[in-house]
Amino acid sequence: MYIKKILLAIVLMGMVAGGIFAYYVYQAVFSPNTNFESETTTVYIPTGATYTELIELMSPVVKDIYSFDRIARRKGYIDKIKAGRYILNKDLNNNDIVNILRSKNRPIQLSFNNQERLENLAGRIAVQIEADSVSLLEAFKEEAFLSKNSLSLENALSMYVPNKYEFFWNTSAVQFRDRMLKEYTRFWNDKRMLKAKEIGLTQSQVITIASIVQKETAKVDERPRVAGVYMNRYNNDWKLDADPTIIYAIKNHRNDWDTVIKRVLYKDLELDSPYNTYKYKELPPGPITMPDISSIDAVLNYEKHEYYFFVANVENMGYHKFAKTLRQHNRNKKQYIDWVNKQGIRR
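Rules and cut-offs
- Residues numbered from 1 in each chain as written.
- Predicted model: local features only at pLDDT ≥ 70, side-chain atom pairs only at ≥ 80, totals over all residues.
- Heavy atoms only, no water.
- Helix = DSSP H or I, 4+ residues; strand = E, 2+ residues; numbered from the N terminus.
- Buried < 20%, exposed > 50% of the residue type's maximum accessible area, 1.4 Å probe, protein only.
- Arc of directions from axis to C-beta.
- Contact = heavy atoms within 4.5 Å.
- Salt bridge = Lys/Arg side-chain N within 4 Å of Asp/Glu carboxyl O.

Caption draft 1: Structural view of unusual backbone geometry. Even without glycine at this site, Asn-114 takes up a positive phi of about 55°. Along the chain, Asn-114 falls in the loop between strand S3 (107-112) and helix H5 (118-126). According to the relative accessible area criterion, Asn-114 is partly exposed, its value standing at 38%.

In structure tokens, the structure reads:
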């Protein structure tokens, strides 16, 4: 009888211990273990992160880092850490959290436009993906890549078509660059290639002229007409005489890209630079900014007209007055200069 009581006690103690253990396991695996009030939070795991670094990242996100650690180890996650961007919902349990970190890297919507140089583009991309601006710029300027794809440092910006793209946050600099090459090839479809051939321009030349159009007018509906002016000049062997190229040439000459120039002076027109379209008939060696798709298509589908001149329209700000003759243009220009002088704009 005494032995039976001991056995019964042992069984009861085992059941209690088993119940406690089962409760602990349930709590560790299935009870909510998040530590944020918002509906979601985002965890960024860098490339090459160690498990120790992961625990440091997760400590502010979960209430009980020790139970998270135990479940992560039991599920074998310690050796399978994957870089990426992970979105956690409020009140997830450890099991769900580990499952998300193992397999649900969420992409971002990356966008860029109107970048003046590769350096600016690198900075813009670096705030959206893991790759830093230094590695991005190195990838953009890699000699072997440029040579293989018939690009140069001067026109490499042409390859990056401004738009919104889906990327994983942990995309490397080289992966980003190579994806942009594919997007560039996709952008220049048969229809656009045929258009460029019909107007006698290469892809790079189209983008260079489009960059000037981009700087000349912010009005999308006016861009085909502005493009028509430059194509009239180009096709008749005129110099483009584009003020935005002078501004770019000044910045490039001074290596001062933060300067703001609102007015081009006559002395600026003497600057010896391949970007000075008042001095040279040839197109600049590359774009002076990153043109929108609307500017590129404006060149490909430029308006056929007889205008050779245009100047800002002070009676309809943002738009321009167009002229067929220099006499007409000078009248329009005088009105603009009078307005500029009244505004006290000297530079």
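Caption draft 2: Representation of helix H2 (residues 51-58) in the model. The set of residues buried in H2 consists of Tyr-51, Leu-54, Ile-55 and Met-58. Here the buried residues of H2 occupy an arc of 100° about the axis, which is enough to place them on one side. Away from its buried face, by an angle of more than 90 degrees, H2 presents the exposed residues Thr-52 and Glu-56. Contacts made by the buried residues of H2 are with strand S1 (40-45), helix H3 (65-74), strand S2 (84-89) and helix H4 (94-103).

Caption draft 3: Fine view of the environment of Phe-145. With respect to the element layout, Phe-145 can be found in helix H7 (residues 143-148). Considering only alpha carbons, one finds Phe-145 and Asp-297, 152 residues apart in sequence, at a separation of 27 Å. The residues contacting Phe-145, other than those within four sequence positions of it, are Leu-151, Met-159, Arg-177, Asp-178 and Leu-181.

Caption draft 4: Region of interest: the environment of Ile-87. Looking at the element boundaries, Ile-87 is found in strand S2. Overall, Ile-87 belongs to the buried group, its relative accessible area being 19%. Setting aside chain neighbours within four positions, we find Ile-87 in contact with Thr-40, Thr-41, Thr-42, Ile-100 and Arg-106.

Caption draft 5: Spotlight on H5. For H5, the complete set of buried residues consists of Leu-118, Leu-121, Ala-122 and Ile-125. With its buried residues spanning 100° around the axis, H5 presents them on a single face.

Caption draft 6: Molecular detail of the pattern of salt bridges. Counted by the stated rule, this structure contains 17 salt bridges. One salt bridge connects Asp-69 with Arg-73, and the closest N-O pair in it is separated by 2.9 Å. You can see Asp-69 and its partner Arg-73 sitting in helix H3, four residues apart, about one turn around the helix. A relative accessible area of 46% means that Arg-73 is categorised as partly exposed. Put simply, Asp-292 and Arg-223 hold a salt bridge, and the shortest N to O gap is 3.5 Å. With Asp-292 in the loop between helix H12 (243-254) and helix H13 (293-300) and Arg-223 in helix H11 (residues 223-235), this residue pair connects regions lying 69 residues apart in the sequence. The network of salt bridges with common partners includes Glu-116, Lys-215 and Lys-251.

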